[in-house]
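Coordinate inspection notes
Residues per chain are reported as follows:
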Amino acid sequence: MIPLCVPNIAGNEWRYVKECFDTGWVSSAGPFVDRFEREFTVAVGARNAVAVASGTAALHVALRLAGVEPEDEVILPTLTFIAPANAVRYLGGWPVFLDVDPEYWQLDPGELVTFLEEDCEATACGPRNRRTGRTIKAVIPVDILGHPCELDSIREAAERFGIAVVEDATESLGATYKGSRLGHVSGVTCFSFNGNKLLTTGGGGMLTCEDDTLARRARYLTTQAKDDPVEFVHREVGYNYRLTNVQAAMGCAQLERLDDFVAMKRAIAHRYNEGLKGCAGIRPMVEAPWGRSAFWMYTVRVETGAGVSSRELMHSLANAGIQSRPLWQPLHLSPAHTGSYARPCPVAESVHCQALSLPCSTGLSVQDQQRVVLELKRSLANSQRSGSVSSASR
Ligand SMILES: *Cc1c(COP(=O)(O)O)cnc(C)c1O
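Below you will find a few notes about this structure. Treat the numbers as computed from the prediction; the structure is a model and nothing was measured.

**Thoughts on the site of the ligand**
- The environment of the ligand is formed by 16 residues, the closest being Gly55, Thr56, Glu171, Ser192 and Lys197.
- Between an oxygen atom of the ligand and a side-chain N or O atom of Thr56, the distance comes to 2.5 Å.
- Compared with its free state, where it exposes 380 Å², the ligand has 92% of that area covered by protein.
- A molecule is said to occupy a pocket when more than half its atoms come within 2 Å of that pocket's grid points, and by this definition the ligand occupies the largest pocket.
- Where the shell around the ligand is concerned, the elements lending two or more residues are helix 3 (55–65) and helix 4 (83–90).
- The element contributing the most residues to the shell around the ligand is helix 3, with 3 residues.
- A per-class count over the shell around the ligand returns 5 nonpolar, 8 polar and 3 charged.

**Overview of the nonpolar core**
- In this structure, Phe40, Ile75 and Leu276 are the most contacted members of the largest nonpolar core, which totals 129 residues.
- Element by element, the count of residues in this core is highest for helix 3, at 7 residues.
- Beyond its immediate sequence surroundings of up to four residues, Phe40 is in contact with Ala49, Leu173, Phe191, Phe193, Met206, Thr208 and Leu255.

**Remarks on the side chain of Ser383**
- By the secondary structure assignment, Ser383 is in helix 12 (residues 366–393).
- Here the side chain of Ser383 touches Leu380 through a polar contact of 3.0 Å, landing on its backbone oxygen.
- Contact partners of Ser383, with chain neighbours within four places excluded, come to Ala306, Gly307 and Val308.

**Some remarks on the packing of helix 1 (residues 13–23) against helix 8 (residues 245–255)**
- Where helix 1 meets helix 8, the closest approach of the two axes is 8 Å, and the angle between their N-to-C directions is 155°. With respect to their mutual orientation, helix 1 and helix 8 come out roughly antiparallel. Along this stretch, helix 1 crosses helix 8, giving a crossing that reads as right-handed. Contacts from Glu13, Tyr16, Val17, Cys20 and Phe21 of helix 1 reach helix 8 at Asn245, Val246, Ala249, Met250, Cys252, Ala253 and Gln254.

**Here's the deal with empty space enclosed by the protein**
- According to the stated counting rule, one finds 3 cavities of 30 Å³ or more in the structure shown.
- One number sums up the size of the largest cavity: a volume of about 60 Å³.
- Lining of the largest cavity is provided by Cys5, Val6, Pro7, Asn8, Gly195, Asn196, Lys197, Leu198, Lys265, Trp296, Ser361 and Thr362.
- Considering only enclosed or pocket space, the second largest cavity measures out at about 50 Å³ in volume.

**Here's the deal with the pairing of strand 4 (residues 120–123)**
- By the bridge criterion, 4 bridges tie strand 4 to strand 5 (residues 126–129) in an arrangement that is antiparallel. Counterpart to Ala122 in the pairing with strand 5 is Pro127.
- Here strand 4 hands over to strand 5 after 2 residues, the two strands then running antiparallel side by side.

So, how was this worked out
- Residues numbered from 1 in each chain as written.
- Predicted model: local features only at pLDDT ≥ 70, side-chain atom pairs only at ≥ 80, totals over all residues.
- Heavy atoms only, no water.
- Near = heavy atom within 4 Å.
- Polar contact = N/O pair within 3.5 Å; in protein donor to acceptor, adjacent residues only side chain to side chain.
- Areas by Shrake-Rupley, 256 points an atom, 1.4 Å probe, with all protein chains shown as cover.
- 1 Å grid on protein atoms, 1.4 Å probe; cavity = no way out; pocket = protein on both sides within 12 Å on 5 of 7 lines; lining within 4 Å.
- Sits in = over half its atoms within 2 Å of the grid points.
- Helix = DSSP H or I, 4+ residues; strand = E, 2+ residues; numbered from the N terminus.
- Nonpolar A, V, L, I, M, F, W, Y, C, P; charged D, E, K, R; others polar.
- Core = buried A, V, L, I, M, F, W, Y, C linked by side-chain atoms within 4.5 Å.
- Buried < 20%, exposed > 50% of the residue type's maximum accessible area, 1.4 Å probe, protein only.
- Contact = heavy atoms within 4.5 Å.
- Axes fitted to C-alpha atoms, helices over the stretch in contact; angles between N-to-C directions.
- Parallel < 35°, antiparallel > 145°, perpendicular 65-115°, else oblique.
- Left-handed = near helix turned anticlockwise from the far one by under 90°.
- Points joined across faces, edges and corners; volume = space filled by probe spheres on them.
- Pairing = 2+ DSSP bridges.

Keep in mind these values describe shape, not function.
As C-alpha cells, then:
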C-alpha cells in the first residue's frame, strides 16, 4: 500500500525525546519548549512564537486576540479543513463562507471586497452584515495545500474595512509569499504539527505574532491566564493549551529538517507535473506568481475530459494499493455549520467535485511515485476505453 501522506521521523527525534525522559522534563515547561519557539521564529522570520497544543488551539487563541466575541462574524474560505470554522464557533462567533479563486483554490480577494462592499454596511463597531445583523471582526486567509493566499490584497481589504487578519498557515509551513516565509507576513499566523502536516510533533501547533504585547497575551491565555507565579489567581478564563516538552523535543528535531522536507515536497510535485503532462483531463496544481508552494498535499483536478470522476479514480487507485483522497466538503454545505452566512461558492463546489490528492509523503520513493503515475494513467485509459466501447455499442 502506498499511503497518502505519512510522517518522516529519521532525524534527532529519538535522541531529544530520550533527553526529556532522562531529565524528567516531560510536561508543558522545559528547555525544548523554549528552544522550539526560539528556533521556529528563526525558521519563519517571525518576531514571537508561542507553542500550543494544536493548530486549532492556535486559531482559537488568535481569534480571541483579534477580539472575536459571541455573535461576531469571521470571514473564511469555504474550501478548507473545518478547524478554523470550528474555532470561530468556540468563541460563539459565526463564520462567513466565501468562494475561492479557480486557479489556486485560495480565498478570493475579489469575493472578500464584494462581500464587505455589497453585503455589509459601515458602523462605529466595524462592518455589519446587513442580512444577519452581525459585526464582522476578522478574516482568516487559509493557505490551503501548501500554497499562500494573495495576502497583500486580503490585508489591504481588511485594513480598509477595519477588520483583523488571522492567517491559517497550518498547511503551508515552509511556503513563501513574495519571497517571505509565511509566519510574519500577517500580524498573527497559526501553524499545526498534527501527524499529517509537513512537520509533526504527534499533535501540536504554533502561534507566531509580530506584536510583543499580543504574544505575551497569547502566552498568558494558553497557560490558564495565571496572574501570579505562586498564588492561584486568575483575572480571566484561559486555556490549557501549552505544548509539552516531549512534543517540543520532537518538534526541534523535525524543524532541523524543514528545508529538506520542503525540497522533497517540491521535487515530488515536479515529478508529478512531468509525469502527468499530456494526461487529458488531469489538471495539476500550479503556483501563483506571488508564491512558492511547499506542496504539502499534491492535488490534481480530474476534469470532465478525463472520462472518469475523481471518486472513480480514487477507487481504481485503491484497488491498485494506492491511497488517494478528495478534498473537504465546502463548509457552506457542512451540516456542522448551518446557520452561517455564505455567498455563492460555485468554484469551491466544482473543485470539491474534481479534486484528488495523491501520495506525497516526503519519504515517497521515485519508484513508488512512478507506480502512482502508471496506475493513474492505466485507470484513465481503461475508463476511456470502456467509455468508448459502451458508447459505440449503444
Ligand atoms: C490541520 C489544520 C488545522 C488544525 O490543526 P490541528 O493541529 O489538527 O488542530 C487548521 N486549519 C487547517 C486548514 C488545517 O489543515
